[in-house]
Amino acid sequence: MKVAIVGYGTAGQATAILLSEQGHDVTVFERSPTLGPVGAGFLLQPTGLGVLARMGLAGRAAAIGQRIDELHGTTLRGRRVMAMRYADRRPGCHGVGMTRGALFEMLRTAHAGAAQVRTGTKIVDYDDRTHTLTDAQGESHGPFDLVVAADGAHSALRAACGTQVRRERLYPWGAVWCLLRIDDWPSPTHLLQRYAGTRSMIGMLPVGTRPGHDGRWVTFYYSLPGETVSRFDDAGVAALKMQVATIWPELEAHVAHLDRAEALHKARYRDVVLARPRHGRMVVVGDAAHAMSPQLGQGVNMALLDAMALSDALVARQNLDEALDTYVRVRHRHVRMYQRMSRWLTPLFQSDHAALGWCRDLLFDPVARLPGARRPMSSILTGELLLPSDAVAGRERADVDAVIP
Ligand SMILES: Cc1cc2nc3c(=O)[nH]c(=O)nc-3n(C[C@H](O)[C@H](O)[C@H](O)COP(=O)(O)OP(=O)(O)OC[C@H]3O[C@@H](n4cnc5c(N)ncnc54)[C@H](O)[C@@H]3O)c2cc1C
C-alpha cells in the first residue's frame, strides 16, 4: 500500500518502522524543518518495552536508559504516599527511564527511510473522497491507500474525524521540566516524587545517558498551574528554586545553575477522546487519538502499542477496512481505561483542591497495601491493565525480561 504518516514523534516513528518492514511504500510528513525530539525524559513501561523488543530494540533501550524498579512518593514531611514496585506485578518486571533524545535517535536509526522524511511539511487537511493530504502551502499529496495521523496532542488532522471528537480540553495544570546531569544520584532505580498538597509536586526520574553528552542524567519536573507555565520567565525560575529549597532541600545544589526560563521545557497537557480513531482510510494514533495527562506515564507506551496493533491488524486482515476496524477494536478498552484513570487521578496530584491532597496522603498507601490490591495497582503502573491478552505485553514479556538485566 501507499501509506502516508503525518508526524514523526514516537507514534509516527514506530509506525514508519513497522509498516516499512511489512513492505509498504511509506511517506512521512513532519512539520518541523529538522528532525529531533522535544522535551526532557520519560518512563518506558513494560508495555512499551515489549513493542521495542518486537523491533529488536529492547536491549539497546536498556543499555542507554536507566532501569526503574519503583515509583516512590512522599509528602514534604517524609510521610510515604506511594511505593509502587514493578516486582509486585511479577518478578523481574521493571520500567526504563530514557531521555527523549535517546528514544528518538534509537528509532530514527532503526528506520531505514529516516533520511526521506519530508521535513518542513505541515499537513493541514485530509480529503476522504480523493484520499489526499494538503499541506500549509496548499500543495496536495497522494492519493494514499492509508493515512496515519500521528500529529500529536494538538493534531490538525483529527478534526477531519468531525463529530467523532468527543472531548478536547486543556488541563488547568502543567509542568516545567529539564534534564540534570547527576552522575552519583543516590536512587538510580527509583522514580521519586515529593508532594506539598496538590499545588506543588517535584519529580526526579533517572533517565540514563543522553545523546551527545557524557554522564548520567535525571529528569527534574515541577508542577505548576497552566497560566503560570504559559508565562514562566526568569523570575519564575527564581521562585521555583526557592520552592525546591523548601520542599526538597537536597536538590537545591542540583538546580542552582538554572537561571533562565529557556533552561526548562514548558508542558501543558490535553485530554482528548475520540469516539472512533478512524475516518475512511485515515487512522489516528498516539496523542492525536488519546492525549492525556502524563500522571500515569503511559503516553509514549500507548503510542508504541498503537503502532504495533496497527501493523498486526494489517497483517491479520487483507481487507483494509476490516484491518482498521480490528485496530480500533483491539485498542479500545485499554485506551479508554487509561484515559479515565488519568482524568480521575490527576486532580489528586495537580489541582486547587487541598482536601483531595489530604485524602491522598491519608489513604493512598494504606489502600495499596490491602491484601489483593498490590497486583492490580501495579498493573496500572506497568500499563498492562485491560491490555488484551493477545497484545504485545503477554507475548513479548518473556523476551523483554530475558533481554534486560
Ligand atoms: C511533561 C510530559 C511528560 C510525559 N511523561 C511521559 C512518561 O513518563 N511516559 C510516557 O509514556 N509518556 C509521557 N508523556 C506523554 C508522551 O510524551 C506522549 O504521549 C508522546 O510523546 C506522544 O507521541 P506522539 O508521537 O503521539 O506525539 P508527539 O510526540 O507530539 O509527535 C507528534 C509529531 O507530529 C508533528 N506534527 C504535528 N502537527 C503536524 C502537522 N500538522 N503536520 C506534520 N507534522 C506534524 C510534530 O512536530 C511531532 O513531531 C509525557 C508528556 C508530557 C507533556
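Residues numbered from 1 in each chain as written. Predicted model: local features only at pLDDT ≥ 70, side-chain atom pairs only at ≥ 80, totals over all residues. Heavy atoms only, no water.

**Details of the pattern of salt bridges**
Condition: A side-chain nitrogen of Lys or Arg and a carboxyl oxygen of Asp or Glu constitute a salt bridge if their distance falls within 4 Å. Only DSSP runs of H or I with at least four residues qualify as helices, and only runs of E with at least two residues qualify as strands; both kinds are numbered from the N terminus onward.
Counting across every chain of the model gives 25 salt bridges. E105 is the partner of R108 in a salt bridge, and the nearest nitrogen-oxygen pair spans 2.9 Å. With a gap of 3 residues between them, R108 and E105 both fall in helix α4 (residues 100–110), about one helical turn apart. Across the salt bridge formed by R278 and D321, the nearest N and O atoms sit 2.8 Å from each other. In this pair, R278 is assigned in strand β17 (residues 278–279) and D321 in helix α10 (residues 320–349), connecting sequence segments 43 residues apart. Taken together, the shared-partner salt bridges connect R276, R278, D321 and D325 into one network.

**Notes on the sheet that holds strand β13 (residues 190–196)**
To be explicit about the condition: Strand pairing requires that DSSP identify at least two bridges connecting the strands. Lines fitted to C-alpha atoms define the axes, with helix axes restricted to the stretch in contact, and inter-axis angles between N-to-C directions lie between 0 and 180 degrees. A contact between two residues is defined here by any heavy atoms of the two lying within 4.5 Å.
An order of β6-β5-β13-β14-β15-β12-β16 is seen for the 7 strands of this open sheet, with the pairing classed as mixed. Strands with a single pairing partner mark the edges of an open sheet, and in this sheet they are β6 (80–85) and β16 (265–274). Recorded for the sheet is a direction-independent mean angle of 20° between the axes of neighbouring strands. Both strand β12 (residues 165–181) and strand β15 (residues 217–225) contribute to a ladder of 9 bridges, which runs antiparallel. Residue pairing in the sheet places L179 in a bridge with T219 of β15. Along the sheet face, α10 touches β6, β12, β13, β14 (200–208) and β16 and points at about 135° away from the line of β16. Of the strands in this sheet, β5 (70–75), β6 and β13 touch helix α11 (residues 354–368), which is tilted by about 35° from β6.

**Some thoughts on the nonpolar core**
Stated formally: We call a set of buried Ala, Val, Leu, Ile, Met, Phe, Trp, Tyr and Cys residues a nonpolar core when their side-chain atoms join them within 4.5 Å. Working definition: with a 1.4 Å probe on protein chains only, accessible area under 20% of the residue-type maximum means buried, over 50% means exposed, and in between means partly exposed.
Within the largest apolar cluster, 29 residues are counted, with the highest numbers of intra-cluster contacts made by M82, L191, F349 and F364. No other element matches β12, which puts 4 residues into this core. With sequence-adjacent residues up to four places away left out, M82 is seen in contact with L71, H72, G73, Y195, F349, F364 and D365. Listed in part, the 25 residues of the second largest apolar core include Y8, L19, A114 and A150.

**Regarding the site of the ligand**
We count it as follows: The near set for a molecule or strand comprises every residue that places at least one heavy atom within 4 Å of it. In the analysis that follows, any N or O atom pair within 3.5 Å is treated as a polar contact, provided that within protein one partner can donate a hydrogen and the other can accept it, and provided that, for residues neighboring in sequence, both atoms belong to side chains. Using the Shrake-Rupley algorithm and a 1.4 Å probe, accessible areas are obtained, with residue cover drawn only from the displayed protein chains. Residue type decides the class: Asp, Glu, Lys and Arg count as charged, Ala, Val, Leu, Ile, Met, Phe, Trp, Tyr, Cys and Pro as nonpolar, and the leftover types, Gly among them, as polar.
Near the ligand lie 29 residues; those nearest to it are E30, R100, W177, D287 and V300. Contact distances for the ligand include 3.1 Å between a nitrogen atom and a backbone N or O atom of R31. In this structure, L43 approaches the ligand through a main-chain N or O atom, which is 2.9 Å from an oxygen atom. Protein burial of the ligand: of its 1000 Å² of free accessible surface, 85% is covered by the chains. Taken together, the elements giving at least two residues each to the shell around the ligand come down to α1 (10–21), β3 (41–44) and α9 (299–316). Sort the elements by how many residues they give to the shell around the ligand and α9 lands first, with 3 residues. Each residue belonging to the shell around the ligand can be placed in one class, and the counts come to 12 nonpolar, 11 polar and 6 charged.

**Some words on the confidence of the model for the protein chain**
Interpreting fine coordinate detail is not advised for predicted regions of low pLDDT. Applied cut-off: A residue's pLDDT is simply how confident the predictor is in it, with values from 0 to 100.
Residue-level pLDDT values for the protein chain average 93, and 95% of them are 70 or greater. Here residues 392–405 is modelled with pLDDT under 50, and outside its nearest four sequence neighbours on either side it reaches 31 contacts, counting other chains as well.

**Quick word on the sheet that holds strand β2 (residues 25–29)**
Read across the sheet, 5 strands follow the order β2-β1-β11-β18-β17 without closing on themselves; strand pairing throughout is mixed. Because the sheet does not close on itself, it has two edges, and the strands there are β2 and β17. Strand direction decides the pairing type here: β17 and strand β18 (residues 282–284), joined by 2 bridges, are antiparallel. Each residue of the ladder has a partner; that of R278, found in β18, is V283.

**Some remarks on the side chain of R89**
Considering the arrangement of structural elements, one finds R89 in the loop between β6 and β7 (95–99). Residue classification places R89 among the buried positions, given a relative accessible area of 16%. Here E384 takes part through its side chain, which lies 2.8 Å from a polar atom of the side chain of R89. If we ignore the near neighbours within four places in the chain, the residues touching R89 are R375, S378, S379, T382 and E384.

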